[in-house]
Amino acid sequence: MNRILPLFCVMAIATAAAAQTSGSSSDSDFLRGSLASGQPDAGIGDSAGTDDFLLFDEAGDGDPNAAASSEAASASGEAASEAEAGAGVSGLTGAADAVEGARFGPVPPARPIRSAGPVPPVAPAAPLTTGSTGDAAERDAAFEGDTWRDRPQGIRVGTFLLYPELILRAGATTNVDGAAGGNGGALVRAEPSLRLSSDWERHSLEASLRGAFTGYPDFPEGSTDSESTAEASATLRIDAGEVTTFEARTNYTVSPESNSSPESMGGSSRTYQHGLGGSLAVTRDAGLVAATLRGGIDGTLYSGGAEVGNRDNMVVSGSLRLGYNLRATLSPFAEATVLGRFFEDDSQRNAKGYAVRSGLALNASPKISGEIGVGWRAEDLDGAAYKRLQGLLVDGALVWSPSRLTTVRLNASTAFEASSLSGASGSLVRSGTLSVAHSLTNDFAVTVSGGVARRDYQGIDLNELTYTGSALATYAISDTAALQAQYSFERVDSSLAGQDYDSHTIEAGVRIRR
């Protein structure tokens, strides 16, 4: 017996030394491997070490390894006393051997470990997004009549994204001229557009080009054979600091005027209205109060047709807007503007005026956003024969998404336009539109809209009421193409005898976008 005991001690010391120097297994490796039921072991410092975090006790007291630690400590105390009885075994080595031996032994049932089967792998955390809402968030957004399948993806060009689009349609209309007594005929339409959007960490640049050409292949004698519209705009925003922002805008539009307009003599040649404008603004947001100072120039020119007189004019304006950040999603504002209108060849119609407006800005996206305001505007003409041009302002644009499949848009505007009619100071055009877009499936969407506009001339007894409506169906056949069909309606009621008319148009075609 005296010879066997020293030999046993030597074997124990050698076994303990081998266990300490070996890198193939460790305490945590063994515990993890024994509970993973066949899962491959990983060394300390390996990524698989996160599996240790999954070992927690049933009590859920916040210490993931509380149960294993208490059991190991109990076994360690018992095994350590036996190891101290051996010859020449150090306390550190004996404690390690005791813990290892305890794990080979049965686990006390007082606090069982929850994980009885294989430990599932930890799913990697989703990466943070910067400037992108991700696919899931995009699916929760309403696409305002667009289908999910052929939604715009854009083409990256350096730090910009280009969004090209082309619509080609053919159909027929009951009123080619858009005027009283107009005749029907076939039509073909092409609508190209291109939008540019910057992808910068700071500042932003947005620009767009949009055009439309409508041709009438079998136009009746005395009718117009085609008409065109175009629009170009650009907005540059510069973040000069934490609370200061500069914004520059420019735009150009051209569109045909109705042949039934009292400003024009009608005929086979349409009168076109050209609008050219620009503005520069600086905004200082000091927390509760935001102030915006803006200056702008807007010119209106007319070409073609046989006009009664020259209406070309330019409006120069300056405004100050104060907004109060009442809540994160609600901001009341007040705005004051001074302006001057200058005609090219009729100084008697030159005017000086002002405008005041107040309202609410909403930003509870994605449910509702936009702003609505009311106010008053007045222009005093230089000529004593002209009355003051004045009236109530109602302006705004609201977007409401009751669900990710439906979008409701409401727009209202008030415009003060020049006139060349004898005795008229100008005209006020108040208009409003309401549209509802709904996505039936990822491939199919419909949009229904209606609008009304009223033009009132001041200084003479003349007004005009216009009703519009349309229904558009879009079916995507690929990621870049969709079939479209549209019905549109227009009716004009004028206080001028013989100027009432209506028009019905049906067309179908394809939309290609990227």
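Scroll up for the structure.
Residues numbered from 1 in each chain as written. Predicted model: local features only at pLDDT ≥ 70, side-chain atom pairs only at ≥ 80, totals over all residues. Heavy atoms only, no water.

### Let's talk about the overall build of the chain
- Within the chain, the secondary structure is distributed over 5 helices and 19 strands.
- Nonlocal contacts in the chain, meaning residues at least 24 apart in sequence, comprise 55% of its contacts between residues at least 6 apart.
- Here the chain has roughly 28300 Å² of accessible surface; of this, 61% comes from carbon and sulfur atoms. (Helix = DSSP H or I, 4+ residues; strand = E, 2+ residues; numbered from the N terminus. Contact = heavy atoms within 4.5 Å. Areas by Shrake-Rupley, 256 points an atom, 1.4 Å probe, with all protein chains shown as cover.)

### As for the environment of threonine 337
- By the secondary structure assignment, threonine 337 is in strand 10 (residues 330-343).
- Classification of threonine 337 by relative accessible area gives buried; the value is 15%.
- Taking the C-alpha atoms as reference points, threonine 337 and alanine 355, separated by 18 residues in sequence, lie 5.0 Å from one another.
- Not counting residues within four places of it along the chain, the set of residues in contact with threonine 337 comprises Ser317, Gly318, Ser319, Gly353, Tyr354 and Ala355. (Buried < 20%, exposed > 50% of the residue type's maximum accessible area, 1.4 Å probe, protein only.)

### A few points about the pattern of salt bridges
- Applying the stated criterion to the full structure yields 24 salt bridges.
- Measuring nitrogen to oxygen at the nearest pair gives 3.9 Å for the salt bridge that ties aspartate 479 to arginine 149. Of this pair, aspartate 479 sits in the loop between strand 17 (463-476) and strand 18 (481-494) while arginine 149 sits in the loop between helix 5 (134-139) and strand 1 (155-157), and the two are 330 residues apart along the sequence.
- Taking relative accessible area as the criterion, arginine 149 reaches 32% and is therefore assigned partly exposed.
- Notably, a salt bridge pairs arginine 321 with glutamate 371, separated by 3.1 Å at the nearest N-O pair. Placement of the pair is arginine 321 in strand 9 (residues 313-324) and glutamate 371 in strand 12 (residues 368-381), with a sequence separation of 50 residues.
- Judged by its relative accessible area of 23%, glutamate 371 falls in the partly exposed class. (Salt bridge = Lys/Arg side-chain N within 4 Å of Asp/Glu carboxyl O.)

### Section: the packing of aromatic side chains
- Following the criterion strictly, the structure yields 2 aromatic pairs and no others.
- With a centroid separation of 5.4 Å and an interplanar angle of 75°, the aromatic rings of phenylalanine 160 and tryptophan 200 are classed as edge-to-face. On the criterion of sequence distance, the pair formed by phenylalanine 160 in strand 2 (residues 160-173) and tryptophan 200 in the loop between strand 3 (185-198) and strand 4 (204-215) is long-range, its members being 40 residues apart.
- A relative accessible area of 32% means that tryptophan 200 is categorised as partly exposed.
- One residue, arginine 151, lies across the ring of tryptophan 148, its end atom 3.6 Å from the ring centre.
- Residue placement shows arginine 377 over the ring face of phenylalanine 416; its charged tip is 4.6 Å from the ring centre. (Phe/Tyr/Trp six-rings, centres within 6.5 Å; stacked < 30°, edge-to-face > 60°. Lys NZ or Arg CZ within 6 Å of the ring centre and 35° of its normal.)

### Remarks on a nonpolar patch on the surface
- On the surface, Leu288, Val289, Leu293, Leu320, Leu322, Tyr324 and Leu326 cluster together into a nonpolar patch covering about 650 Å² of accessible area.
- Elements with a minimum of two residues in the nonpolar patch: strand 8 (289-303) and strand 9.
- The element that contributes the greatest number of residues to the nonpolar patch is strand 9, accounting for 3 residues.
- Residue placement: tyrosine 324 occurs in strand 9.
- The exposure class assigned to tyrosine 324 is partly exposed, which follows from its relative accessible area of 38%. (Patch = residues over 30% accessible without salt bridge, like charges linked within 9 Å, V, L, I, M, F, W, Y side chains within 5 Å.)

### Quick look at the pairing of strand 16 (residues 444-458)
- Where strand 15 (residues 426-439) meets strand 16, 14 bridges bridge the pair, whose relative direction is antiparallel. Each bridged residue has a counterpart across the sheet, and for serine 435 the counterpart in strand 16 is serine 449.
- Taking the residues that link successive antiparallel strands as the turn, the strand 15-strand 16 hairpin has 4 residues.
- Hairpin connection, strand 16 to strand 17: the antiparallel pair is bridged by 4 residues, and glycine 459 has positive phi, about 105°. (Pairing = 2+ DSSP bridges.)

### Quick word on unusual backbone geometry
- For histidine 203, which is not a glycine, the phi torsion comes out positive at approximately 65°.
- Mapped onto the elements, histidine 203 comes out in the loop between strand 3 and strand 4.
- What makes histidine 203 partly exposed here is its relative accessible area of 28%.

### As for the pairing of strand 13 (residues 389-403)
- Of the pairings in the sheet, the one linking strand 12 to strand 13 comprises 12 bridges and is antiparallel in character. The residue bridging isoleucine 372 from the neighbouring strand is glycine 396, located in strand 13.
- The pairing of strand 13 with strand 14 (residues 406-417) spans 6 bridges and is antiparallel. By the bridge assignment, serine 403 is partnered in strand 14 with threonine 406.
- In this antiparallel pair of consecutive strands, strand 13 and strand 14, the connection spans 2 residues.

### Notes on the side chain of aspartate 456
- Here aspartate 456 lies in strand 16.
- A polar contact is formed between the side chain of aspartate 456 and the side chain of arginine 454, at a distance of 3.1 Å.
- For aspartate 456, the residues in contact, after removing those within four places along its chain, are Gly426, Ser427, Leu428, Arg430, Leu462 and Asn463. (Polar contact = N/O pair within 3.5 Å; in protein donor to acceptor, adjacent residues only side chain to side chain.)

### Comments concerning the environment of serine 208
- By secondary structure assignment, the location of serine 208 is in strand 4.
- According to the relative accessible area criterion, serine 208 is partly exposed, its value standing at 25%.
- Separated by 13 residues in sequence, serine 208 and arginine 195 place their C-alpha atoms 4.3 Å apart.
- In contact with serine 208, other than residues within four places in its own chain, are Leu194, Arg195, Glu231, Ala232 and Ser233.

### Let's talk about the side chain of threonine 147
- Tracing the chain through its elements places threonine 147 in the loop between helix 5 and strand 1.
- One polar contact links threonine 147 to aspartate 150, side chain to side chain, over a distance of 2.2 Å.
- Residues in contact with threonine 147, not counting those within four places in the same chain, are Asn442, Asp443, Phe444, Ala445, Thr474, Ala476 and Arg511.

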